Amino acid sequence: MEGYTFTLLIPLILFATFLLIGLAGGKLKPIISGITGVVSLSVVSIISYITAYDYFFVNGKVDGVFGKIIVYDAEWLRFTDSLFIKMGILLDPISVMMLVVISTVSLMVHIYSLGYMHNEGGFSRYYSFLSLFTFAMMGLVISTNIFQTYIFWELVGVSSYLLIGFYYNRPSAVAAAKKAFIVTRFADLGFLIGILLLSSLTGTFDFVELTNVNGSAITAGSSVLFMGLSSMTWALILVFIGCAGKSAMFPLHIWLPDAMEGPTPVSALIHAATMVVAGVYLVARLFPLYALSAPVALEMIAYVGAFTSMFAAIIACTQTDIKRVLAFSTISQIGIMMVGLGVSGYAAETGLGFTASMFHLFTHAMFKALLFLGAGAVIHAVHTNEISGMGGLRKYLPVTHITFLVACLAISGIPPFSGFFSKDEILVAVKEKDSFLFYFESIVSGLSAFYMFRLYFGIFWNRNTTYEHTPHEAGMSMKIPLIILAILAAVTGFIPFSEFVTSDGIPFISHIHWDIAIPATIVGLIGITAAFIFYKKESDLSDKAAASLGGFYNTVHKKFYIDEIYIFVTKKIIFNMVSTPVAWFDRNVVDGTMNGIASVTNFVSEKIKRFQSGQLQQYAFVMVTGMIIIIALIFYFLKN
Amino acid sequence: MEQIVFYILASMIVIFSVLTVTTRKILRAAVYLLTVLLATAGFFFLLNFNFLAAVQLTVYAGGIVVLIIFSIMLTSHVNERLEATGNRKKFFSFVAVLAGALICISTILDYGFKEKSDIEINTSMSKIGTDLLSYGDGGFVLPFEVISILLLAAMIGAIVLAKRETQN
Amino acid sequence: MENISIEHFLIVSTLMLFTGIYGFLTRKNLITMLMSAELILNSVNINFVAVNKFLYPENLQGQFFAMFVIGIAAVEVAVAIAIIISLYRKVRMIDVEKVNEMKY
């Protein structure tokens, strides 16, 4: 459609920036590459805001419905007449919302990194990877078809890998990068199979066709049953496996805590606000399919999300590395988003869960990015990740303290901060569908309040640790993003989200349901109070509590031994039982055959090389004799 | 008369051929070879190929044999006796060669050639010159040019090969 | 020429050919081997000419081929002698049984 072609600039500018910084970065002054990145991101942000304004308030709504607008769609690869891949830009409420989220958070992170990464090597490399990531993420959200999504999905995976392994001389970072890549890649295998199954059932990759409620895609594949489920359900479950990998759902969550080895701003951008919600985004993107043709898959998503949110929240309460607490908190919050999607129905009011989930994605991106950047400021000041090395920092870091508090209040769901509104909507949606999940999620929300305030008190209150270097507030480039994000985290809750982002594009008015909001807030306050009692002052209460829980505490502290189980399965079972015999077979049988052929050849040549005596006359003799024999044969045998 | 000349020439060819390949003195071998070539030229005269016989005399007898004698002078002493060849090798070679010769001769005798004695062959110089430079039926201008290039290439090649390597 | 037929010439050339081959197989000195090769070529010339004279007297193809063979023989001798001389300069001998550096 006319009027939106300028959105093409978003990926193009970012890609150009990546190439520019990536190729010329070594020759530029580091700060120049940083500023280039910030400037290009600012331009992209402005374009995104214009797009969002234009879409939501001017042109997007046609007959009261926010439609899907294909801005640009070019054929990229054509295999056969019916199988081809396009590249293009699709604008609809969720993709426009994601444009805003990504550009905002990415811009904040770019600015923040100017200060945070100031003393690190590889500044240009860092910025080129950031641009690559932002490019890939933008490409992902504006995809017009599922294959384009897949391509950019892998690209964000790669850039995530590169950024986690940014400190490549640190073995743990390298291991974490590999782990993240392998785990998500493993999940993407499911995604790929899902795509193939989906496209073979529906005959298209295109999102608009796939999600057309009146189209043929919705009903395709519902009749073919496999193990009691329709093949469409299987396809969507496989796609969800990919989503679970990217969004760190149980049991594929193991990479995310380790991914915290990367620079903190990267964690804020990739592993809190944008990339990890790609799974949620993709489910939302295919939502009509899930809701209308595979409710079983949707229900599964709800339960996986719910379990993951509880599981991660419990672990988060015991971790001592502040970034890991935040990582588990992220997993938990994404679980909540999945629950929101999972309980949602399609169309209007019943689609509240969808709206709420997107709303939560939006607010979560803001406050979780803020939390990470705040944690980064703290780490920057005290040079440790461990909560035990902190305490009493409120005097040294006033700005960080206030912004962190805002974010904690937002995630705990205390009005009037943003998390309250989005979480309230999710809980309302859950209540309508399944009261068990409602109580379950209420507990999770209480737990999140508890662990966040545990962190908050642990960092800023508690004992007065004496520091070798007096911690001091970071520079303006780090403070400004914190303040901006704090403001956003505080006020974005007032956005009437249901009037913009809904499952079927038709806006509706949602109200705060006080009968749910008040108990939820109380649960949050209970969590905060508990944290206050345990961690406000330096005391041994928490240790006693931990001791009284005994084995359970240790299990949780070790993250339920999930990593160990994985190691056991891979090392003991796969490596020892499968790989070792296969390796033996390869080394002895396969290689042995080849070596045998080689040595036989060698042996024979060693023997027959004596024929090549170098005696010219010998050769001539053989030739003449042979000739004479052949002639004799011809004349005396063949002739008659 | 011609018959007598033929048998004289034929016996010269056979005897001196055998001497060429058996004598232990290398210079003598060259002289025997020269004799064989001269006798061959005699064959050509006998058959009325006067021009070819002249070519045989000048190129073979005059050129090649001189070249061979030069190279003998360059590489060995005149009186040096060649090393004898092993008897085994001689025996086997002789058997092979004898077998070959017998097969060939018996084949030749069996074949029954149909001679055309009624047409007189024209070997005049004008016919040779015309044929060599014409390109129609029976013309040989292409091989003639090719062989001239071959001679040039061989000349350059021989110079390059035999040139003393420059010391560096 | 009534009593001399083509067979006479062919037999002489055959004997000459196999004498040449015998020399090629038994001689040790490279130059004498070269002479044997000349014998072989020469016997071919006799064949060409005899066939031309007795079987195809209407044109002169045999004679021309004999001429070309003579030319090629000259070329061959020139190049071979160049090789022999440069070999002699390098290793001070031209015994074919000892020139076997290029074996296997």
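Further up the page is the structure itself.
Rules used throughout
Residues numbered from 1 in each chain as written. Chains lettered and ligands numbered in written order. Predicted model: local features only at pLDDT ≥ 70, side-chain atom pairs only at ≥ 80, totals over all residues. Heavy atoms only, no water. Helix = DSSP H or I, 4+ residues; strand = E, 2+ residues; numbered from the N terminus. Buried < 20%, exposed > 50% of the residue type's maximum accessible area, 1.4 Å probe, protein only. Contact = heavy atoms within 4.5 Å. Areas by Shrake-Rupley, 256 points an atom, 1.4 Å probe, with all protein chains shown as cover. 1 Å grid on protein atoms, 1.4 Å probe; cavity = no way out; pocket = protein on both sides within 12 Å on 5 of 7 lines; lining within 4 Å. Points joined across faces, edges and corners; volume = space filled by probe spheres on them. Buried area = accessible area lost by both parts, 1.4 Å probe. Nonpolar A, V, L, I, M, F, W, Y, C, P; charged D, E, K, R; others polar. Pairing = 2+ DSSP bridges. Axes fitted to C-alpha atoms, helices over the stretch in contact; angles between N-to-C directions. Parallel < 35°, antiparallel > 145°, perpendicular 65-115°, else oblique. Salt bridge = Lys/Arg side-chain N within 4 Å of Asp/Glu carboxyl O. Polar contact = N/O pair within 3.5 Å; in protein donor to acceptor, adjacent residues only side chain to side chain. Expected span 1.5 Å × (residues − 1). Core = buried A, V, L, I, M, F, W, Y, C linked by side-chain atoms within 4.5 Å. Phe/Tyr/Trp six-rings, centres within 6.5 Å; stacked < 30°, edge-to-face > 60°. Lys NZ or Arg CZ within 6 Å of the ring centre and 35° of its normal. Left-handed = near helix turned anticlockwise from the far one by under 90°.

(A) Broad picture of the overall build of chain A. Within chain A, the secondary structure is distributed over 24 helices and 6 strands. Expressed as a percentage of its 640 residues, the buried residues of chain A come to 56%. Counting only contacts in chain A whose residues sit at least 6 apart along the sequence, the fraction spanning at least 24 positions is 79%. Only carbon and sulfur atoms are counted for the fraction: they give 69% of the accessible area of chain A, which is about 26,200 Å².

(B) Looking closely at empty space enclosed by the protein. Residue and element names in this part refer to chain A. The tally for this structure, following the rule as stated, stands at 4 cavities of 30 Å³ or more. Considered as a void within the structure, the largest cavity measures approximately 50 Å³ in volume. Every residue lining the largest cavity is listed: Ser412, Gly413, Phe420, Lys423, Asp424, Leu427, Ser445, Ala520 and Thr521. Counting only elements with at least two residues in the lining of the largest cavity, the list comes to helix 17 (418-433) and helix 20 (514-535).

(C) Structural view of the interface of chain C and chain A. Contact with chain C, which involves 14 residues of that partner, is made by 12 residues of chain A. Here chain C and chain A share an interface that buries about 1,100 Å² over both sides, 63% of which is from carbon and sulfur atoms. At 5 residues, helix 1 (residues 6-26) of chain C tops the list of elements feeding residues into the side of chain C that touches chain A. Its residues assigned to classes, the side of chain C that touches chain A comprises 8 nonpolar, 2 polar and 4 charged.

(D) Broad picture of the pairing of strand 4 (residues 84-91) of chain A. All names here are of chain A. Of all 8 residues that make up strand 4, 6 are buried, and the element is covered over most of its length. As paired elements, strand 3 (residues 69-78) and strand 4 share 8 bridges and run antiparallel to each other. What sits directly across from Arg78, in strand 4, is Phe84. The turn linking strand 3 back onto strand 4 is made up of 5 residues.

(E) Spotlight on the packing of helix 2 (residues 30-54) of chain C against helix 3 (residues 61-91) of chain C. Residues and elements named next belong to chain C. Here helix 2 crosses helix 3 at 175 degrees, and the two axes come no closer than 9 Å. The orientation of helix 2 relative to helix 3 falls into the category roughly antiparallel. Considered class by class, the residues forming the contact of helix 2 with helix 3 number 17 nonpolar, 5 polar and 2 charged.

(F) The interface of chain C and chain B, seen in detail. Tallying the contact residues gives 73 residues for chain C and 81 residues for chain B. In terms of surface lost to chain B, no three residues of chain C exceed Tyr22(C), Arg27(C) and Met35(C), which account for 9% of the buried area on that side. Where chain C meets chain B, there are 1 salt bridge. With its nearest N and O atoms 3.7 Å apart, the salt bridge here joins Lys116(B) to Glu58(C). For the pair chain C and chain B, the number of links is 10 residue pairs in polar contact (both at pLDDT 80 or more). Of all the elements in the fold, those that place two or more residues in the side of chain C that touches chain B are helix 1, helix 2 and helix 3 of chain C. In terms of residues, the side of chain C that touches chain B owes the most to one element, helix 3 of chain C, which gives 24 residues. Split into classes, the residues belonging to the side of chain C that touches chain B amount to 44 nonpolar, 18 polar and 11 charged.

(G) Representation of helix 5 (residues 146-164) of chain A. Residue and element names in this part refer to chain A. The end-to-end C-alpha distance of helix 5, which contains 19 residues, comes to 26 Å, matching closely the 27 Å that a straight helix rising 1.5 Å per residue would cover. For helix 5, the tally of buried residues reaches 14 of 19 residues, placing the bulk of the element in the interior. One side-chain oxygen of the residue at the start of helix 5 lies 3.1 Å from the amide nitrogen of Phe147, identifying that residue as Asn145.

(H) Main features of the side chain of Ser442(A). Residues and elements named next belong to chain A. Note that Ser442 resides in helix 18 (residues 435-460). There is a polar contact of 2.8 Å between the side chain of Ser442 and the backbone oxygen of Phe438. In contact with Ser442, other than residues within four places in its own chain, are Leu427 and Val523.

(I) View of the side chain of Ser422(A). Residues and elements named next belong to chain A. Residue placement: Ser422 occurs in helix 17. Accessibility expressed as a relative area gives 0% for Ser422, which makes it buried. A distance of 3.0 Å separates a polar atom in the side chain of Ser422 from a polar atom in the side chain of Thr363. If near-sequence neighbours (up to four positions away) are discounted, Ser422 is found in contact with Ala356, Phe359, His360 and Thr363.

(J) Structural detail: the nonpolar core. Grouped together as the largest cluster of nonpolar side chains are 212 residues, with contacts concentrated most on Tyr290(A) and Met358(A). With 21 residues, helix 15 (residues 352-382) of chain A is the largest single contributor of residues to this core. Ignoring sequence-local partners within four residues, the contact set of Tyr290(A) consists of Leu236(A), Val239(A), Phe240(A), Val283(A), Pro295(A), Ala297(A), Leu298(A) and Ile301(A). Residues Ala53(B), Leu82(B), Leu132(B) and Ala50(C) belong to the second largest nonpolar core, which totals 75 residues.

(K) Region of interest: the environment of Lys423(A). Residues and elements named next belong to chain A. Of note, Lys423 is situated in helix 17. With 60 residues separating them in the primary sequence, Lys423 and Thr363 have C-alpha atoms 9.5 Å apart. Those residues in contact with Lys423 that sit more than four places away from it in its chain are Gln333, Ile336, His360, Ile411, Ser412, Ser445 and Ser448. Side-chain polar atoms of Lys423 contact the backbone oxygen of Ile411, separated by 2.7 Å. A distance of 3.4 Å separates a polar atom in the side chain of Lys423 from a polar atom in the side chain of Ser448.

(L) View of the packing of aromatic side chains. Across all of its chains, the model carries 41 aromatic pairs over all chains by this definition. Note on Phe420(A) and Phe421(A): the rings are 5.1 Å apart at their centroids and 75 degrees apart in plane angle, and the pair reads as edge-to-face. The pair Phe420(A) / Phe421(A) is uniform in exposure class, with both members buried. Relative to Tyr7(B), the ring of Phe6(B) lies with its centre 5.3 Å away and its plane at 75 degrees, an arrangement referred to as edge-to-face. Of the residues examined, Tyr7(B) reaches a relative accessible area of 44% and is grouped as partly exposed. Taken together, Phe404(A), Phe453(A), Tyr456(A), Phe457(A), Phe460(A) and Phe532(A) form an aromatic cluster joined through their ring pairs. The ring of Phe207(A) carries Arg285(A) above its face, with NZ or CZ at 5.4 Å from the centroid. Sitting over the ring of Phe438(A), Lys431(A) keeps its end group 5.4 Å from the ring centre.

(M) Region of the structure containing the packing of helix 4 (residues 123-141) of chain A against helix 11 (residues 278-285) of chain A. Residue and element names in this part refer to chain A. The geometry of helix 4 relative to helix 11 is characterised by a closest axis approach of 11 Å and an angle of 20 degrees between their N-to-C directions. One way to sum up the angle between helix 4 and helix 11 is to call them roughly parallel. With respect to the hand of their crossing, helix 4 and helix 11 are arranged in left-handed fashion. On helix 11, the residues touching Met137, Leu140 and Val141 of helix 4 are Ala278, Tyr281 and Arg285.

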